[in-house]
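Per-entry structural report
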Amino acid sequence: NVVVKIPQNKVFSIKVETSTGDVIIGEQNKETTYSKIDVETSTGRFKVLGKINCLDSFIVELDTGSIISNGEINCDNLVEFEVDTGKITLNSKLNAKRVKFQSDTGKITLNEVVANAITFKVSTGDIVCESPILANDIEITASTGDVKLILKGAKADYSYYYDIS
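These lines cover the structure that appears in this document, whether it is placed above or below. Note that the structure is a prediction, hence the values are computed from the model and not measured.

1. Notes on the pattern of salt bridges
Side-chain pairing between opposite charges can occur once the charged atoms of the two side chains come close. In total, this model carries 6 salt bridges according to the counting rule given. Two residues, Asp38 and Lys15, come together in a salt bridge whose shortest N-O distance is 3.1 Å. Note that Asp38 is positioned in strand S4 (residues 31-48) and Lys15 in strand S2 (residues 12-20), a separation of 23 residues in sequence. Overlapping salt bridges bring together Lys15, Glu17, Asp38 and Glu40 as one network.

Okay, here's the thing in structure tokens:
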């Protein structure tokens, strides 16, 4: 397992590459700021604890495993979570300029998300948002699975287009 802890009042970029094992960023009940986070692993879990602030991008790519966030994430630019086989679960608020979730096989479960643009790409699996999301642009691509989103604001604030083939 890899546990990343940054001293308070310091800002670092983090790049982690592993074949197997868990990667944990942050500490419970603590706030940490990173300039950039980039994590790649073949098999394992990625966990976020505490409050994470990211000044640039926050990118996590897993071949097999799960991404679990139990802490709030604030990112000035891009948050990208990608899992080939596994699930993405955000139990706390995510606030970013752009957000991209991608899963070939697995479920994406979100809590509160605020972003200018959100992209969902799922081949086989569900997309479920348990509380309202707020975004200017939402793009959803799903081959097989259910999509359940709760949008903040009035229905008149949104325009829809869907194609079921």
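Okay, back to it.
2. Some details on the environment of Asn77
Relative to the helices and strands, Asn77 is located in strand S7 (residues 73-90). The class for Asn77 is partly exposed, based on a relative accessible area of 22%. Not counting residues within four places of it along the chain, the set of residues in contact with Asn77 comprises Asp56, Ala96, Lys97 and Arg98.

3. Things to note about unusual backbone geometry
The phi angle at Asn29 is positive, at roughly 65°, despite the residue not being glycine. Within the element layout of this structure, Asn29 appears in the loop between strand S3 (23-25) and S4.

About the criteria used
- Residues numbered from 1 in each chain as written.
- Predicted model: local features only at pLDDT ≥ 70, side-chain atom pairs only at ≥ 80, totals over all residues.
- Heavy atoms only, no water.
- Salt bridge = Lys/Arg side-chain N within 4 Å of Asp/Glu carboxyl O.
- Helix = DSSP H or I, 4+ residues; strand = E, 2+ residues; numbered from the N terminus.
- Buried < 20%, exposed > 50% of the residue type's maximum accessible area, 1.4 Å probe, protein only.
- Contact = heavy atoms within 4.5 Å.

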